[in-house]
Every structure is written in C-alpha cells, then in structure tokens.
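Chain residues, written in single-letter form:
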Amino acid sequence: MKFLVCISNVPDTTTKITFTPDNKEFNKAGVQFVINPWDEYALTRAIELKEAAGSGSVTVLNVGEADTEPNIRKALAIGADDAIRVNAAPQDAYFVAEQIAAVAKEGAYDVILMGKESIDYNGFQVHGMVGEMLGIPTVAPAMKLDLSGNTATLEREIEGGKEIVTVNTPFVASCQQPMCEPRIPNMRGIMTARTKPLKVVPPVGEPARTTVAEYALPPKKQGVKLIDAANAGDLIKLLRNEAKVI
Amino acid sequence: MSVLVVVECADGEVKKSSLEVASYGAQVAAQLGTTATAIAVGEANAANLATLGEQGIAKVLYDAEPRLKDFVNNAYTKLIATAAEQEQAKVIVLANSNIGAAVGSRLSVRLKASLATNVVELPRTDGGQFVVKRGAFSGKAFSDVVLSGDRKIIALKKNSTEAKHEAGKTAEVASFSAQLSDADFADAPTQVVMQDQAGGILLPEAERVVSGGRGMKGPENWGLIEDLAKALGAATACSKPVSDVDWRPHHEHVGQTGITISPNLYIACGISGAIQHLAGVNSSKVIVVINKDPEAPFFKAADYGIVGDVFDVLPKLTAAVKELN
C-alpha cells in the first residue's frame, strides 16, 4: 500500500498573528513554523497502517518553498520513508490541490491522506478538490481509518453524529482526532531522516482562482467586566438586559 | 443566471444554519439583480421547504430519491451540480458544515468555480470584483478574498449572519430529479450513528454553549454544566484535556483541533483559556469566563468574568436563570 501524506507548513499554534504594513501578507518575521497539527493525524495514521501491514511506503508531500524543508525533515523523522516538495508558494486551495493531484497520479498512490484543514488558511477544501480531480472518493472529515486489503473502513463526522463509510483504494481522506495519537520524532528517527530522499519538483497546472486582497485583525475586546462571585446571579441579569444573549 | 442555495434538512426540518444560507443567498441574488433558488438535501419535508419563502427564496428544488436522506458525497455533488446547470447558477451558497465543505470542494472543481469557505459577510460586488470576507488563522484574523471567474461558491460560517424572516411568504416547491443511479451511491454510508442528544441541542448549531475544563475536576461533576445548559437552552462542550482523558466525548471538544463554534454566548467553566482553546471559540459573540484563578488568560478574551469556584458559582447561575424564566 502506497500512502501519500500531504502536510502544510503553518505558524505555531501560539503565534501572535500580524501582517505586513500593507496588510497583504502574513508577517513571517520571528515566527516559528510547524507541521499543521491536523496533518499530524494523517501522518501518524499512515505510518501505523504501514507498520501493521508490514509492507508499503509513506511519502510525505508539501507544496512550499525551500523554507518548509525543516518540517518535511521532521515528518521523515516521525517515520515517513521519502518526501516530495513542489517548489512553489501555496497560492490557494485549488492550486495546492492541482499539485497534489499531479503527484498522486504520477506516483499511483493508493491512499491520500491530509489533515482536515490548515490552521492558517482554514479552507477545508483541498481534500474534495483532489478527489474530484482524480475522480476518486473523498471521506472528510475522517475520525477513524482502518484498512483490510484494498478496502478501507472510515468514520466520517457529520453534524450530530457519524457515518461509517467503506471505500476501495484509491481514495482521499482528511483526518482529525481521535484518529490516533500523533507521534513525535525520536533520536533514531532524526538521525535517519537526514539521508531519506527528498525530491523537489516544479509546480504544474492553472493559476489560482482566488487571491487575498487584504488581511485584518478582529476588533479588540472592550475588556472583561467582572462580577463578584457572591452575587453570581447578577451575571444572568447582565446577559439578558445588557448583552441580550439569553 | 441565478443564485443557488443548498439547504440541509434533518428530520423534515431545515437546519438553522441553512436558514442563514437561504437568507444570505437571497440577499446576494438581490445584489446581483436576480432570484434565489434552493436545492434541498437530507430528510426534507415539502411543507417546511415552502416556508423558505420567508428567507426570500423564490423556488425550492426537491429530489424525492430516498437514498438522499443520508449524506452521500458523490450523490449530493451530482445533485447540486445538476441543479446548478439547470438554474444557470452563477453563485452557489452552502453552509460551512462538514457536508457543505465536502460537497462544495468537489463542486468547485466540477463546475470550474472559485470557492471561499468560512465566509462571514455578504460579498462586495462594486468595482467589477467579487470580494468576500472570511475567517482565517483559526479565528485570529479575517481575509478579504477576491473570487475570480464566472462562477463562485460560498460556504457561509454558521451564526455569522442573521437569517431574515418575512412571515407569510412562501416558496414554490418543485420536484426535481438529477437522475441519480446506483453508481452515485457507491460511497453511501453503511451505517449512520447519531449522538444521544440530551436536551436536543446540537453543539455546532447551538446559539448558547456551556463548556467545562479540567477545573471541573471529573466527569462526575458534569451535572453542574448540564443543569446550567438545560436552563439556558444551551449545548454542552469541553476543552481538549477533558476529551483527551475521556471525561467527555470527542465531539464536544472545541478548540484548534476540535470543533470551531461561534455561538451568541459561550460560558467557559474551569477552562484556563490556552490559545489553542481560544482558536475554537474566539468568534463567539459574548464570552463568559468562570475561573478561580484571576490570572487565567481566558479573562483577557472575555466579556464577562467571575473569579470564583465553579462548584459554588454554577448552581447560583442555574438558580438565577430559573428565577428569570
């Protein structure tokens, strides 16, 4: 079974978000980038399934410029076998999906996994676009993934419940908790990751369909109004009469 | 040319988030000088669909194929794509739900449309551009996105716009068939398991949410959360550490890697307010924080706060709500 795991390079979850002075780009200065937390579920589950089968391969794919390579190496250290970087800044979901679809087709991957969404763009779009481009099923968002031969059984979260879905390979799934406990690299992994193959390929396809004109920060909160614990009931009156939310 | 809105139904009722989608779509149609048509998915009821006229919908298309009751990605995509072609829809609006995102992303490729998800406001169409505002960076920012091309798909964030109600107006309900075949249902679920909805309030659709963290000390104390939620007509939620140790189910986990919610009222009980938790709730309209630690970072993001013991404060709040009602 050939797994393709797509990872994106995102600002660390604790980053204070700021923009360039013209508000057209995210300000990367001094920001630590990490593997998108949702993608860690996809990566770990692919490695677990490969280990359980005792055969197969896990290829990690990133669409990004050279500065994403430390996180690609980290994915290799966690347990992926090799990596591909499409050498382009990720312009929008459609552009990224085109790159993934091209790599997936070229390498004839059986299972294409990614996180539910990235924590920076929050698109939740790429999974379906890739599935549609390749003409294969998508299961999103998936909370559970098991494989038996070429048949996968997944749990898909729907509002208020879950669906049990069975699909044959090839398919795309976007992953989320509680699929697995994401792994962290160990020393042996870090050492071996240095020599694992990382192939850089040029981008393909049509240009992006959407462009960001401007970023903005949400309006600042007014500051908290504290209510004395002894008169906690006053809060309810404020919520009704002042905030008008109950 | 028209605007097509996708309305999700469950148990015969149109979901609240889909009423917002219908109202939003009708307003976009008015902006563009056209009308809005709806296509129903899920377990729909024709009489309830006609009331979408109150949100400004002119016509509702309804395919009575029984297998459309459950979410089937391929079948829903084909159904909506067929409706979009028939109606020559230039703009398609759906909810930014698990169903909306799964279908919208496939549709965007099939219909060669540009797609924006997590949209929070009506588009701006002045100057020949089509610009939407959407949430980004896990609720820590917004971006204005220009959608290019002839066709656009918008996935509207829940509870970000208010559904208009014009009482008495009805929509024409027209039967519709996308000629779906067995092959379109190949990825149909083999089983659908719905959560036990105590109180009947679904977290992603809830207007009010009462949420507990590690400060609740154990699952046996959740009665305090549930009592307040019940009195307020609210859903219950929890922080990541709570679902990680299985005090509460995973579908209640709100935060960066859990559900993102934007209710009118979010009451956090015994949650310190780590930045990853805030990412899931920071677009709530009013945030109340109850924590015995006055230094808890959550107070900085709150509108109202009580520094106190949740075990003392929660029963007082529940009693106060009951008194008010």
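Everything numeric here is computed off the predicted structure, so don't read it as measured data.

**Q** I'd like to hear about the sheet that holds strand β16 (residues 304–307) of chain B, residue by residue, with values.
**A** In spatial order, the strands read β13(A)-β16(B)-β15(B)-β14(B)-β12(B)-β13(B); together these 6 strands make up an open sheet with parallel pairing. Each having just a single partner strand, β13 (225–226) of chain A together with β13 (235–238) of chain B make up the two edges of the open sheet. Relative to β16 of chain B, helix α6 (residues 233–241) of chain A is tilted by about 180 degrees, and along the sheet it contacts β13 of chain A together with β14 (265–269), β15 (286–291) and β16 of chain B. The strands that helix α5 (residues 222–232) of chain B touches are β12 (208–212), β13 and β14 of chain B; relative to β12 of chain B, the one it contacts most, it runs at about 175 degrees.

**Q** Tell me about the packing of aromatic side chains, residues and numbers included.
**A** Tallied over the full model, the rule gives 8 aromatic pairs over all chains. A network of ring pairs unites the aromatic residues Phe-19, Phe-26, Phe-33 and Tyr-215 of chain A together with Phe-137 of chain B as a single cluster. The residue whose ring lies beneath Lys-133 of chain B is Phe-142 of chain B, and the NZ or CZ to ring-centre distance is 4.7 Å. Here the basic side chain of Arg-134 of chain B rests over the ring of Tyr-121 of chain A, its NZ or CZ set 4.2 Å away from the ring centre.

**Q** Give me the lowdown on the environment of Gln-99 of chain A, citing residues and values where you can.
**A** Residue and element names in this part refer to chain A. Mapping Gln-99 onto the fold places it in helix α3 (residues 93–107). With a relative accessible area of 2%, Gln-99 lands in the buried category. Sequence separation between Gln-99 and Val-201 is 102 residues, and the spatial gap between their C-alpha atoms is 9.8 Å. Residues within four places of Gln-99 in sequence aside, it is in contact with Val-63, Val-86, Pro-203 and Val-204.

**Q** For the nonpolar core, give the residues involved together with the corresponding values.
**A** Of all hydrophobic cores here, the largest spans 56 residues; its most connected members are Ile-100 and Ile-112 of chain A together with Ile-39 of chain B. By size, the runner-up hydrophobic cluster in this structure holds 35 residues, among which are Ala-46, Ile-47, Ala-80 and Leu-198 of chain A.

**Q** Could you give me a rundown of the packing of α6 of chain A against helix α8 (residues 310–324) of chain B, with the residues and numbers involved?
**A** Packing of α6 of chain A against α8 of chain B brings their axes to within 8 Å, and their N-to-C directions diverge by 50 degrees. The angle between α6 of chain A and α8 of chain B falls in the class oblique. Judged by the twist between their axes, the crossing of α6 of chain A over α8 of chain B is right-handed. Contacts between α6 of chain A and α8 of chain B involve Gly-233, Leu-235, Ile-236 and Arg-240 of chain A from the former and Leu-317, Ala-320, Val-321 and Leu-324 of chain B from the latter.

Criteria and thresholds
- Residues numbered from 1 in each chain as written.
- Chains lettered and ligands numbered in written order.
- Predicted model: local features only at pLDDT ≥ 70, side-chain atom pairs only at ≥ 80, totals over all residues.
- Heavy atoms only, no water.
- Pairing = 2+ DSSP bridges.
- Helix = DSSP H or I, 4+ residues; strand = E, 2+ residues; numbered from the N terminus.
- Contact = heavy atoms within 4.5 Å.
- Axes fitted to C-alpha atoms, helices over the stretch in contact; angles between N-to-C directions.
- Phe/Tyr/Trp six-rings, centres within 6.5 Å; stacked < 30°, edge-to-face > 60°.
- Lys NZ or Arg CZ within 6 Å of the ring centre and 35° of its normal.
- Buried < 20%, exposed > 50% of the residue type's maximum accessible area, 1.4 Å probe, protein only.
- Core = buried A, V, L, I, M, F, W, Y, C linked by side-chain atoms within 4.5 Å.
- Parallel < 35°, antiparallel > 145°, perpendicular 65-115°, else oblique.
- Left-handed = near helix turned anticlockwise from the far one by under 90°.

Read these as layout, nothing more, since geometry by itself doesn't imply function.
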